[in-house]
Amino acid sequence: MLDYNVPGGKLNRGLSVIDSYKLLKGQELDDDEIFLSSALGWCIEWLQAYFLVLDDIMDGSHTRRGQPCWFRVPKVGMIAVNDGILLRNHIPRILKKHFRQKPYYVDLLDLFNEVEFQTACGQMIDLITTLVGEKDLSKYSLPIHRRIVQYKTAYYSFYLPVACALLMAGEDLDKHTNVKDILIEMGTYFQVQDDYLDCFGAPEVIGKIGTDIEDFKCSWLVVKALELSNEEQKKFLYENYGKEDPASVAKVKELYNTLKLEDVFAEYESKSYEKLINFIEAHPNASVQAVLKSFLGKIYKRQK
């Protein structure tokens, strides 16, 4: 079960702990430091595996990372719910085994608990907003999209790896709230990119066929389309968004093109980048700046 669900992704979150710690230290890491930062990286990958196993059940998904979702594997089924709980319970065990004697041990436990709670809240907002059988586009707005993204993705994908590295470097997280704000902003930008690529990215590049339109997702694109549409276009969106029918999907994409959403995204992307760079360069600590710039460099103008 662990071999099926924990490895297999891009491992970006886990690797970011090691990269960030190295940049904070400003020198190469010794074997012990590589081991400990890797252990924290794996804790984040375990957290990710736990979320994905349960998320796939809730969404009724079919594939994940190029293989059937765990609950769809023969003889697994709903045992996957308990497997999700087992995955989640590995985190405190790993932390206890390798970090119990560290002065920041309690802070690590607090951090993982808090981020798990925030992510579960994001998932809840997402699920109750996209409730099947209650397809109501009027619920969708930029503030709602932003809340879902911040809580469901940004905390655990962007803030958590850097927060782990900061704790290892002996820093007090309460003194780095501006770092958290910048990373949450970066996570929001990352998700908007994801929403954009779901529709406009080439499937052979992004590795999947986007289904946000069929799935009635609260995507940045549909929120923007609602904002820019006249009454007639809105009515058209209400009629076609969230339908499995390929003709309806094509109509929605056609409307996105009419509204020039590719240009709207390009403008959003350059403004976000500029804003983030200004925030980062205003930070007093050069090594923290290096961590944040390295994160931004990985995601700016990505194609997948």
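Residues numbered from 1 in each chain as written. Predicted model: local features only at pLDDT ≥ 70, side-chain atom pairs only at ≥ 80, totals over all residues. Heavy atoms only, no water.

S.K.: Teacher, can you tell me more about the overall build of the protein chain here?
M.R.: Each helix and strand in the protein chain was counted, giving 13 helices and two strands. Against the globule reference of 19 Å for 304 residues, the protein chain gives a C-alpha radius of gyration of 20 Å, in line with a compact fold. The 304 residues of the protein chain split such that 49% are buried. In the protein chain, of all internal contacts separated by at least 6 residues, the share reaching a separation of at least 24 is 74%. In the structure as shown, the protein chain presents an accessible area of about 15500 Å², 54% of it carried by carbon and sulfur atoms. (Helix = DSSP H or I, 4+ residues; strand = E, 2+ residues; numbered from the N terminus. Rg over C-alpha atoms; globule rule 2.2 N^0.38 Å. Buried < 20%, exposed > 50% of the residue type's maximum accessible area, 1.4 Å probe, protein only. Contact = heavy atoms within 4.5 Å. Areas by Shrake-Rupley, 256 points an atom, 1.4 Å probe, with all protein chains shown as cover.)

S.K.: Where do I start with the confidence of the model for the protein chain in this structure?
M.R.: Any segment with low pLDDT has predicted coordinates that should not be analysed in fine detail. Within the protein chain, residue pLDDT values average 88, and 95% of them lie at 70 or more. Considering each helix and strand of the protein chain separately, the mean pLDDT is smallest for helix 8 (residues 203–206), with a value of 65, and largest for helix 4 (residues 79–99), with 95. (pLDDT = per-residue confidence, 0-100.)

S.K.: Teacher, can you tell me more about the pattern of salt bridges here?
M.R.: It is possible for side chains of opposite charge to pair when their charged atoms get near one another. Overall, the coordinates contain 13 salt bridges when judged by the stated rule. When the shortest N-O distance is used, the salt bridge between Arg64 and Asp55 registers 3.9 Å. Accessibility expressed as a relative area gives 28% for Arg64, which makes it partly exposed. Within this structure, Asp55, Asp56 and Arg64 form a network of salt bridges that share partners. (Salt bridge = Lys/Arg side-chain N within 4 Å of Asp/Glu carboxyl O.)

S.K.: Help me out: how do you make sense of unusual backbone geometry in this one?
M.R.: Generally, phi is negative for residues other than glycine and the peptide bonds are trans, each holding for most cases. The backbone phi angle of Leu11 is positive, close to 60°, even though this residue is not glycine. Within the secondary structure, Leu11 is located in the loop between helix 1 (2–5) and helix 2 (12–25). The phi dihedral of Lys75 falls on the positive side, at around 70°, and the residue is not glycine. Assignment of secondary structure puts Lys75 in the loop between strand 2 (67–68) and helix 4. You can call Lys75 exposed: its relative accessible area is 84%.

S.K.: How should the nonpolar core be read in this particular structure?
M.R.: Proteins that are soluble and globular tend to have nonpolar side chains buried together. Grouped together as the largest cluster of nonpolar side chains are 92 residues, with contacts concentrated most on Phe112, Met186, Tyr241 and Tyr256. Here the element with the most residues in this core is helix 6 (residues 142–168); it accounts for 14 residues. Beyond its immediate stretch of four places on either side in the chain, Tyr256 contacts Cys199, Phe200, Ile213, Leu221, Val222, Ala225, Tyr241 and Leu261. (Core = buried A, V, L, I, M, F, W, Y, C linked by side-chain atoms within 4.5 Å.)

S.K.: In this structure, what is going on with a nonpolar patch on the surface? I would like to understand it.
M.R.: Residues Met78, Val81 and Ile85 make up a contiguous nonpolar surface patch of roughly 270 Å² in combined accessible area. With respect to the secondary-structure elements, Val81 resides in helix 4. Classification of Val81 as partly exposed rests on a relative accessible area of 36%. (Patch = residues over 30% accessible without salt bridge, like charges linked within 9 Å, V, L, I, M, F, W, Y side chains within 5 Å.)

S.K.: How should the packing of helix 2 against helix 6 be read in this particular structure?
M.R.: When two helices pack together, their arrangement is given by the angle between their axes and by how far apart the axes lie. With their axes 8 Å apart at the nearest point, helix 2 and helix 6 run at an angle of 40° to one another. Relative to helix 6, helix 2 is oriented oblique. Seen from above, helix 2 lies across helix 6 with right-handed handedness. Contacts between helix 2 and helix 6 involve Arg13, Ser16, Val17, Ser20, Tyr21 and Leu24 from the former and Tyr156, Ser157, Pro161, Val162, Cys164, Ala165, Leu166 and Met168 from the latter. Here the contact of helix 2 with helix 6 is built from residues that sort into 10 nonpolar, three polar and one charged. (Axes fitted to C-alpha atoms, helices over the stretch in contact; angles between N-to-C directions. Parallel < 35°, antiparallel > 145°, perpendicular 65-115°, else oblique. Left-handed = near helix turned anticlockwise from the far one by under 90°. Nonpolar A, V, L, I, M, F, W, Y, C, P; charged D, E, K, R; others polar.)

S.K.: Even after reading the chapter, I still don't get helix 12 (residues 261–281), so can you show me in this structure?
M.R.: The α-helix advances 3.6 residues per turn, and as a result positions three or four apart in sequence lie on the same side. The end-to-end C-alpha distance of helix 12 is 30 Å, a good match for the 30 Å that 21 residues give at a rise of 1.5 Å each. All of the buried residues along helix 12 are Leu261, Phe265, Tyr268, Glu269, Ser272, Leu276, Ile277 and Ile280. For helix 12, the angular spread of buried residues about the axis comes to 160°, placing them on one side. In helix 12, those exposed residues whose orientation departs by more than 90 degrees from the buried face are Lys271 and Glu274. (Expected span 1.5 Å × (residues − 1). Arc of directions from axis to C-beta.)

S.K.: Quick question: what am I supposed to make of the side chain of Asn5 here?
M.R.: Position of Asn5 among the secondary structure elements: in helix 1. Engagement of the side chain of Asn5 in a polar contact is seen with the backbone oxygen of Met1, the distance being 3.0 Å. Sequence-distant contacts of Asn5, that is, excluding residues within four places in its chain, are made with Ala49, Val53, Arg65, Trp70 and Leu87. (Polar contact = N/O pair within 3.5 Å; in protein donor to acceptor, adjacent residues only side chain to side chain.)

S.K.: Quick question: what am I supposed to make of the environment of Gln118 here?
M.R.: With respect to the secondary-structure elements, Gln118 resides in helix 5 (residues 105–129). Taking C-alpha positions, Gln118 is 18 Å from His176, a pair spaced 58 residues apart along the chain. Non-local contacts of Gln118, meaning those with residues more than four positions away in its chain, are made with Tyr151 and Tyr155.

S.K.: Explain the packing of aromatic side chains to me, please; I cannot follow it from the model alone.
M.R.: One pair of aromatic rings is described through two measures. These are the centre distance and the angle between the planes. Under the criterion given, the structure shown has 17 aromatic pairs. Measuring from ring centre to ring centre gives 5.2 Å for Tyr140 and Phe216, while their planes differ by 40°; the resulting arrangement is tilted. Here Phe216 lies in the loop between helix 8 and helix 9 (220–228) and Tyr140 lies in the loop between helix 5 and helix 6, a separation of 76 residues in the sequence. We classify Tyr140 as buried; its relative accessible area is 5%. Exposure remark for Phe216: the relative accessible area of 4% places this residue in the buried category. Cation over ring: Lys298 sits above Phe295, and NZ or CZ is 5.5 Å from the ring centre. (Phe/Tyr/Trp six-rings, centres within 6.5 Å; stacked < 30°, edge-to-face > 60°. Lys NZ or Arg CZ within 6 Å of the ring centre and 35° of its normal.)

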